[in-house]
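These are the residues of each chain, in order.
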Amino acid sequence: MEPTTEVVTARPAPALAAFIDRYTGYRLSGFAPGLHRGLPSRHMTFIVAIGPTIDVVAQTDPRQTPDAYGCVLSGLQASSATISHNGYQEGVSIALTPLGCRTLFGMPAGELWNTSVEFADVVGPAGRKLWEQLQELPAWPDRFAACDRVLTELACHDRVVTPELTWAWRTLVDSDGTATIGPLAEEIGWSRQHLARRFGTEFGLSPKLAARIARFERARHMIARTPSFVTIAQVAASCGYYDQAHLNRDFAELVGCSPTMWLAEEIPSVQDDTGVAG
């Protein structure tokens, strides 16, 4: 069987758009069984499996036991997880920003930093309901609508991240990590130390690390999509790295391998699809 990849994207309902960037439905079949890396991102990991479970054989925190998830929810991370697959993967990936963790789940994203959990263990029956409905619905628009219904029911818009931290997060990620922390703190009216403390408590990582992950994410998207005649050194320069060696060091620390090895080993990933249909 020839490998096939189906990817369908959509916007969430308006009530969820402030903290969910998109839904991505994916179906990958005909690939050789193997391993996939779950990489650091500006989004929390929130994936509803359809059919086979999501089998995490190495967690981002090595102290956490490997596990299989029907619907996995993870905080932000600064290292890669390893997921085993049998050549077939299907599900819906929800591009949840950490700004939505309070509104949807009643907790700061920092409480889930570097940790993966079964969604139902966080929200109770609604988590099981979401998983069950997606198993039963064959069409992508119906699956996305089910996500809208369940998550809108969970949302409490009185639970929000403070305006200062919301602005700081969005400024860092919208700049793809090029915004500098000192002026950011000055604009808010806080010291760098106070911003770092508040930011870390809310999101689980420092502003500096958040900027690093946003810059890395832009670079890996470019590496995955640019023609072969565009060099990794050119990608590094356009993303604000000092040189290719600087980018290679980030890949080694955040991914666990070089950019070229990642490209050679990785099957198509829904994390690399940022377009939205409709």
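First, a word on scope: everything that follows refers to the structure included in this document. (Residues numbered from 1 in each chain as written. Predicted model: local features only at pLDDT ≥ 70, side-chain atom pairs only at ≥ 80, totals over all residues. Heavy atoms only, no water.)

Description of the overall build of the chain
Stated formally: A run of H or I in DSSP becomes a helix once it reaches four residues, and a run of E becomes a strand once it reaches two; helices and strands are each numbered from the N terminus. Here the radius of gyration uses the C-alpha set of atoms, whereas the globule reference equals 2.2 Å times the residue count to the power 0.38. Relative accessibility under 20% of the residue-type maximum defines a buried residue, over 50% an exposed one, and the middle range a partly exposed one, all with a 1.4 Å probe and only protein chains included. The contact criterion used throughout is that any non-hydrogen atoms of two residues lie within 4.5 Å. Here the open area of atoms and residues is found with the Shrake-Rupley method and a 1.4 Å probe, where only the protein chains shown may cover a residue. Working convention for charge: Lys and Arg count positive, Asp and Glu count negative, and His plus the chain ends are omitted. A charge is said to be at NZ when it belongs to Lys, at CZ for Arg, at CG for Asp and at CD for Glu.
Per the secondary structure count, the chain includes 11 helices and 10 strands. Relative to the globule expectation of 19 Å for 278 residues, the C-alpha radius of gyration of the chain, 18 Å, shows essentially globular dimensions. Counting only C-alpha atoms, the chain reaches 50 × 50 × 40 Å along its principal axes. Taking all 278 residues of the chain together, 51% fall into the buried category. Partitioning the contacts of the chain with sequence separation of at least 6, the portion at a separation of at least 24 is 74%. Of the roughly 12,500 Å² of accessible surface on the chain, a fraction of 54% belongs to carbon and sulfur atoms. Here the chain contributes 23 positive and 30 negative side-chain charges, whose respective centroids are spaced 5 Å apart.

Some remarks on helix 4 (residues 140-154)
Residue pairs three or four apart in sequence face the same way in an α-helix, which turns once every 3.6 residues. Spelled out, the test is: Each residue after the first adds 1.5 Å to the expected span of a helix.
For helix 4, which comprises 15 residues, the first-to-last C-alpha distance of 21 Å matches the rise-based estimate of 21 Å (1.5 Å per residue) to within 8%. When helix 4 is considered as a whole, its buried residues turn out to be Trp 140, Arg 143, Phe 144, Ala 146, Cys 147, Asp 148, Val 150, Leu 151 and Leu 154.

Thoughts on helix 7 (residues 192-203)
Spanning 12 residues, helix 7 covers 16 Å between terminal C-alpha atoms, matching the ideal 16 Å at 1.5 Å per step. Next to the buried residues of helix 7 lie helix 1 (101-105), helix 5 (163-174), helix 6 (181-188) and helix 8 (207-225). Following helix 7 by one or two positions, Gly 204 adopts a phi angle in the positive range, close to 100 degrees.

Some remarks on the pattern of salt bridges
Applied cut-off: Only one rule defines a salt bridge in this text: a Lys or Arg side-chain nitrogen within 4 Å of an Asp or Glu carboxyl oxygen.
Taken as a whole and assessed by the stated rule, the structure comprises 15 salt bridges. The salt bridge involving Glu 90 is made with Arg 27; its shortest N-O contact spans 2.9 Å. One end of the pair, Glu 90, is in strand 9 (residues 89-96); the other, Arg 27, is in strand 2 (residues 20-29), and 63 residues separate them in sequence.

Thoughts on the sheet that holds strand 6 (residues 67-69)
Remark on secondary structure: sheet strands pair via backbone hydrogen bonds, oriented parallel or antiparallel. The condition is simple: Here, any two strands with at least 2 DSSP bridges between them count as paired. Axes here mean lines fitted to C-alpha atoms, for a helix over just the part in contact, with angles spanning 0 to 180 degrees between N-to-C directions.
Within the open sheet, the 4 strands sit side by side as 3-8-5-6. Their pairing is antiparallel. Only two strands of the sheet have a single partner each, and these edge strands are strand 3 (34-38) and strand 6. Adjacent strand axes in the sheet meet at a mean angle of 35 degrees, parallel and antiparallel pairs treated alike. Across 5 bridges, strand 3 lies against strand 8 (residues 81-85) in antiparallel orientation. Paired with His 36 across the two strands is Ile 83, which belongs to strand 8.

With respect to the state of the cysteines
Test applied: Two cysteine sulfur atoms make up a disulfide if the distance between them is within 2.5 Å.
Counted by the stated rule, this structure contains 0 disulfides. Left unpaired, Cys 156 is separated from the closest cysteine sulfur, that of Cys 101, by 14 Å. As a non-bridged cysteine, Cys 239 has Cys 257 as the owner of its nearest cysteine sulfur, 17 Å distant. On the accessibility criterion, Cys 239 (2% relative accessible area) is buried.

Points about unusual backbone geometry
The residue Asn 114 is not glycine, and still its phi comes out positive at about 60 degrees. The residue Asn 114 is located in the loop between helix 1 and strand 10 (116-118) in this model.

Digging into the pairing of strand 7 (residues 71-74)
Residues of strand 7 alternate between two faces, with Cys 71 and Leu 73 on one and Val 72 and Ser 74 on the opposite face, all of them buried. Two elements, strand 4 (residues 45-49) and strand 7, share 4 bridges in a ladder whose sense is antiparallel. In the strand pairing of strand 7, Ile 47 is matched with Val 72. In the sheet, strand 7 pairs with strand 10 via 3 bridges, with the strands oriented antiparallel. Along strand 10, the bridge assignment pairs Leu 73 with Val 117.

Structural notes on the packing of helix 5 against helix 8
Just so we agree on the cut-off: A clockwise turn of the near helix away from the far one marks a right-handed crossing, whereas an anticlockwise turn of less than a right angle marks a left-handed crossing. Each residue gets one label: Ala, Val, Leu, Ile, Met, Phe, Trp, Tyr, Cys and Pro are nonpolar, Asp, Glu, Lys and Arg are charged, and the others, such as Gly, are polar.
Running from N to C, helix 5 and helix 8 cross one another at 35 degrees; their axes reach a closest spacing of 8 Å. As helix 5 runs across helix 8, the sense of the crossing is right-handed. On helix 8, the residues touching Trp 169, Leu 172 and Val 173 of helix 5 are Pro 207, Ala 210, Ala 211 and Ala 214. Classifying every residue of the contact of helix 5 with helix 8 by side-chain character gives 7 nonpolar, no polar and no charged.

In short, geometric facts, not functional conclusions.
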